[in-house]
Amino acid sequence: MDLQTVTYLVVGASFALYIGIAIWARAGSTSEFYAAGGSVHPITNGMATAADWMSAASFISMAGLIANMGYGGGLFLMGWTGGYVLLAMLLAPYLRKFGKFTVPQFIGDRFYSSTASTVAVICLLTASLTYIIGQMTGVGVAFSRFLGVSSDTGIYIGQAIVFLYAVFGGMKGITYTQVAQYIVLILAYLVPAIFISLNLTGNPLPQLGLGSSMSGTDVALLTRLDQVVTDLGFGQYTTTTAGSTLNMFVYTLSLMIGTAGLPHVIMRFFTVPTVKDARSSAGWALIFIALLYTTAPAVGAMAKLNLHGTVNKAVGLETAADGSMKVNPEIIKARGDVYAPEASLEVEKRPEWMKRWEKTGLLKFEDKNGDGRIQYYNDKTKNADAKAKAEAAGWKGNELTVNADIIVLANPEIALLPNWVIALVAAGGLAAALSTAAGLLMAISSAVSHDLVKNVFNPDISEKNELLAGKISMAVAIVVSGYLGLNPPGFAAGTVALAFGIAASSLFPAIMMGIFSKKMNKEGAIAGMLAGLAVTLFYVFAHKGIFFIKGTDFVEMIGGANSFFGITPEAFGAVGALFNFIVAFVVDKMTKEPPEHIQHMVENVRIPRGSKLVDGAH
Amino acid sequence: MEHGGKTYWQTVVGLLTKILIVWFLISFGAGILFVEQLNTIKLGGYPLGFWFAHQGSIYGFIALIFFYAKKMGDIDRQFDVHED
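Residues numbered from 1 in each chain as written. Chains lettered and ligands numbered in written order. Predicted model: local features only at pLDDT ≥ 70, side-chain atom pairs only at ≥ 80, totals over all residues.

1. Here's the deal with the overall build of chain B
Argument step 1. Secondary structure summary: chain B contains three helices and four strands in total.
Argument step 2. Moving toward the C terminus, one meets the helices and strands of chain B in the order β-β-α-α-β-β-α.
Argument step 3. A globule of 84 residues ought to have a C-alpha radius of gyration of about 12 Å, yet chain B, at 17 Å, is considerably larger.
Argument step 4. Taking the principal axes of the C-alpha coordinates as reference, chain B spans close to 50 × 25 × 15 Å.
Argument step 5. For chain B, the proportion of its 84 residues judged to be buried stands at 36%.
Argument step 6. Taking the intrachain contacts of chain B between residues at least 6 apart in sequence as the baseline, contacts between residues at least 24 apart amount to 45%. (Helix = DSSP H or I, 4+ residues; strand = E, 2+ residues; numbered from the N terminus. Rg over C-alpha atoms; globule rule 2.2 N^0.38 Å. Buried ≥ 20, exposed ≤ 12 C-beta atoms within 10 Å, placed from the backbone. Contact = placed C-beta atoms within 7 Å.)

2. Considering the overall build of chain A
Argument step 1. Within chain A, the secondary structure is distributed over 25 helices and six strands.
Argument step 2. For chain A, whose C-alpha radius of gyration is 25 Å, the value lies close to the compact-globule estimate of 25 Å for 618 residues.
Argument step 3. Counted over contacts in chain A with a minimum sequence separation of 6, partners at least 24 positions apart contribute 81%.

3. Re the packing of helix α1 (residues 3-24) of chain A against helix α8 (residues 151-201) of chain A
In a pair of packed helices, the angle between the axes and the distance between the axes together describe the arrangement.
Residues and elements named next belong to chain A.
Argument step 1. Where α1 contacts α8, the two axes come as close as 7 Å, and the packing angle between them is 125 degrees. Put simply, α1 runs oblique to α8. Considering the relative orientation of α1 and α8, their crossing is right-handed. Taking contact as the criterion, the partners of S14, F15, L17, Y18, I19, I21 and A22 in α1 are, on α8, I161, L164, Y165, F168, G169, G173, Y176, T177, A180 and V184. (Axes fitted to C-alpha atoms, helices over the stretch in contact; angles between N-to-C directions. Parallel < 35°, antiparallel > 145°, perpendicular 65-115°, else oblique. Left-handed = near helix turned anticlockwise from the far one by under 90°.)

4. Re the interface of chain A and chain B
Argument step 1. Facing the 42 residues of chain A at the interface are 34 residues of chain B.
Argument step 2. Going through the elements one at a time, α5 (74-98), α10 (221-231), α11 (245-261) and α13 (275-293) of chain A are the ones with two or more residues in the side of chain A that touches chain B.
Argument step 3. Counting residues per element, the side of chain A that touches chain B draws most heavily on α13 of chain A, at 10 residues.
Argument step 4. Of the residues belonging to the side of chain A that touches chain B, the class tally is 21 nonpolar, 17 polar and four charged. (Nonpolar A, V, L, I, M, F, W, Y, C, P; charged D, E, K, R; others polar.)

5. A word on the domain arrangement of chain A
All names here are of chain A.
Argument step 1. One can read the domain layout of chain A as domain 1 (25-299 + 416-493) and domain 2 (302-403).
Argument step 2. Inter-centroid distance (C-alpha atoms) of domain 1 to domain 2 is 35 Å.
Argument step 3. The interface of domain 1 with domain 2 comprises 23 residues on the first partner and 25 residues on the second.
Argument step 4. When residues of the side of domain 1 that touches domain 2 are traced back to their parent elements, those giving at least two are α4 (56-69), α8, α10 and α14 (296-311).
Argument step 5. Ranked by residue count, the leading element in the side of domain 1 that touches domain 2 is α10, at five residues. (Domains from an automatic or database assignment.)

6. Some words on the packing of α13 of chain A against helix α3 (residues 48-78) of chain B
Argument step 1. Viewed as axis vectors pointing N to C, α13 of chain A and α3 of chain B meet at an angle of 165 degrees, and their least axial separation amounts to 9 Å. Considering their axes alone, α13 of chain A and α3 of chain B lie roughly antiparallel with respect to each other. By crossing handedness, the relation of α13 of chain A to α3 of chain B is classed as left-handed. Between α13 of chain A and α3 of chain B, the contacting residues are K276, R279, S280, A282, G283, L286, I287, A290 and Y293 of chain A on the first element and I58, F61, I62, I65, F66, Y68, A69, M72 and G73 of chain B on the second.
Argument step 2. Partitioned by chemical class, the residues of the contact of α13 of chain A with α3 of chain B number 13 nonpolar, three polar and two charged.

7. With respect to the nonpolar core
For soluble globular proteins, the rule of thumb is that nonpolar side chains tend to be buried together.
Argument step 1. Counting 234 residues, the largest nonpolar core has A120, L185, I289, A427, L441 and I511 of chain A together with I65 of chain B as its most contacted members.
Argument step 2. Broken down by element, the residue count for this core peaks at 21 residues, all from helix α20 (residues 419-457) of chain A.
Argument step 3. For this core, the domains that each give at least three residues are domain 1 (25-299 + 416-493) and domain 2 (302-403) of chain A.
Argument step 4. Beyond its immediate sequence surroundings of up to four residues, I511 of chain A is in contact with L91, V103, F106 and I107 of chain A. (Core = buried A, V, L, I, M, F, W, Y, C linked by C-beta atoms within 7 Å.)

8. Structural notes on the environment of G99 of chain A
Residues and elements named next belong to chain A.
Argument step 1. Mapped onto the elements, G99 comes out in the loop between α5 and α6 (103-110).
Argument step 2. Given 20 C-beta atoms within 10 Å, G99 falls into the buried group.
Argument step 3. Remark: the alpha-carbon pair of G99 and A531, spanning 432 residues in sequence, is separated by 28 Å.

9. A few points about the environment of Y377 of chain A
Residue and element names in this part refer to chain A.
Argument step 1. Position of Y377 relative to the elements: it lies in the loop between β5 (373-374) and α17 (384-392).
Argument step 2. Under the C-beta neighbour-count criterion, Y377 is labelled buried, with 27 such atoms within 10 Å.
Argument step 3. The sequence separation of Y377 and F500 amounts to 123 residues, and the corresponding C-alpha distance is 34 Å.
Argument step 4. With near-sequence residues (within four places) excluded, Y377 lies in contact with L232, G233, A390, W395 and N398.

10. Some words on the confidence of the model for chain A
Argument step 1. Averaged over every residue, the pLDDT of chain A is 87; residues scoring 70 or more account for 96%.
Argument step 2. Averaged pLDDT values for the elements of chain A fall to 79 in helix α19 (residues 411-414) of chain A and rise to 96 in helix α9 (residues 206-209) of chain A. (pLDDT = per-residue confidence, 0-100.)

Shown next as C-alpha cells:
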C-alpha cells in the first residue's frame, strides 16, 4: 500500500475511535459536562492531563527547538514539567477540596467579589484563546502535510471532530477521548525514537541511548555531536545557552508558574473523586508527560547528528544498502575531516526524503560555490579555526536551511521506517493538537456559561438550561477558534508567550494566596492580579507592539530590547508574578481583613476531610 | 488539631518547604546555576549538569510528587483529617 493510503487509514481509524468514545460518553448533567461527574480514576486523569497539556508545539516543535538550542533548550524541558510539582502541592488538592467547577469561581468565592471573578474570567479567556489559535493552525498544518488536503479544509475537519465529542460529551467525552489521544501520540513519538536510538547506539531506550557511545566505538554520542557541530563552527551542543544565565533562570521559572496557572490544566483536577486522588494524579500526569519529555532531547540530538551525517560523510554515518543510517566506527575513531572535499554530499545523490521535504519549502538548499555538493555549516561563526578551514576548502556560505519542525515529522523517513510509522506520526500530531484544543475549549465554555451566564447574568438558571448554555458556548468557542485558526492574526507566533505570561502573573498568584494566605482580602487580590497583568502586558507590548499591532512597540522608551536585566518578554511572567505578590500584600495591609466566614472557608479548604463531589453549587 | 506542638497546617507547610528546596536544587541549582561545575563530572556519556537540565530534573519532579502524596497521606492520618 502506498504512503497516502496508509495515512488515510491510520488517521481515519483514530478519528473513528474518538467519535465512538464520544457517543459512549455523552454528558447528561452539568456535573458530567463540567467535571466528568467527578468520577475519573487518578491514573486515567493523569493520562488525559498529559494529552491535554502536550500540544502540537510539544509534539511537533519541541525536539526541533532543542536540536537548535542544545543545552539551552532544557529551559522548555524543566519549565514545562517543573510546574506540575507546584500544581500538585500548591493548587490542585485544595481546589479539588473546594469542590467547584471553574477557576474563576474559586477566585470569586474566595475573594467574595464578582469583580475578582470577572478579572479571572478575562485572564482565562485571553490566555486560552491565544493558546488555541496555535492548536487550530497546528491541525491545519498536520492535515495539509500528511493528507494532501488544504490547510483550511484541515481546520474544518478538525472543528467537526472536536465539535462532536466536546459539545455532546463535555468534560466526560473530552476526558476519555484524551486518553485515546494520549496513547496514539505517545506511540507515534516513541516508535521512531526507539528505532533511531537503536541505529546510532544499539540501545533501544532513547533516554539511555543519548548517554551511550556510538555503535561499535567508545566515543559518546554527545561527545561526537559536540565535535561535529564545533568543527562546523556551531556552538557546542551540551553547553550553549540562550541568553544569560539569569534569563534562562527566569524563563524556566515563568514556564513553571505559567504551567501551574493554566486553567485548562487546573480544571482537569476537578474530575477526580478525592483530594488524595488529586495529589497522586498530578504525579501520574507527569509520568505520562515525562515519557515524551525525556525522549524529546534524545530525538533532538540524534536527529541533528543524523542530519549532519546525511550531508557530511566525515561525521561517521553512512547510508546502508537498504537506505537507513548506520554508524561507521572507523571514521568516528579517526575523527574524519568535515572540510575534506569528498565529505560533502553530492546534490545528485541526496536521499529521497530530502527531495520530498524540499517540495514543502521546509528544507532548502542552494549550491553557492557551484561544486555540486551540499555544505551545511555555520558561516557566521566566531570560531576563527572553523572560519579559516571553510575558506580554505572553498566554501562560500551555508547551503542548507532546515525548518525545526522537520526534526520530528521527517524523523521516520530519515531513519527509513515503514509507512505505517510515518502514518502514525501524522495521527499523533493531530491527536496532540486536537486534545489540547478540546481542553482549552472546555475551559473557555465553562468560564462563559458557568462564571458569566450563571453567576453574573442569571443566577436562577435551571441545570438543564445551564447545560444547554454550556453546549452553546462550546459551539461558539469552536467556531471562533476555527475562524482565528483560518485567519491567524499576524501576532499568532508571539501569543503563546502571552498565554504563559498571563497565567503566571495573574491566575497562579491569586489562587495560591487564596489558599496559603488566610488574611488575603479582595482588595489585595484584585490589585495584585491587575498589577501583575499590567506589568507583563506592558513589557510584552513594549517589545511586540500594543496588542501586537505592528509599529506600536515602544521598546526604545523603556531603554531598548530586554532592558529589564536582559530578560526577554517571553521570560517575563515570573517578574509579573512577583509584582502581583508584592502589590497584593501591600494593599492587603492597608485595607480591612476578609470576613470571618471567608477565613473559615480557607481553613476548611486546607484539610481533606469532608471532600464531596464537585457540584459547582453555592 | 495539634501534634507534637505543631498544627496540621504548620506541618504541611514544613513539608512543602522541604520539597520546594529539593525542587529548586535539582532544576535551577543543578540544571542552571551550577551546570558548569557539574559538567566536569560524567554520567555515562552525559555531562552531569546537562543531564540534570535535559533528563534528571524531570525524574526528580516525578519522585517529589509521589513522595509528597505519600507524606501528605501520613500527615492527614496523624492529625485525623483524612477523607473517609
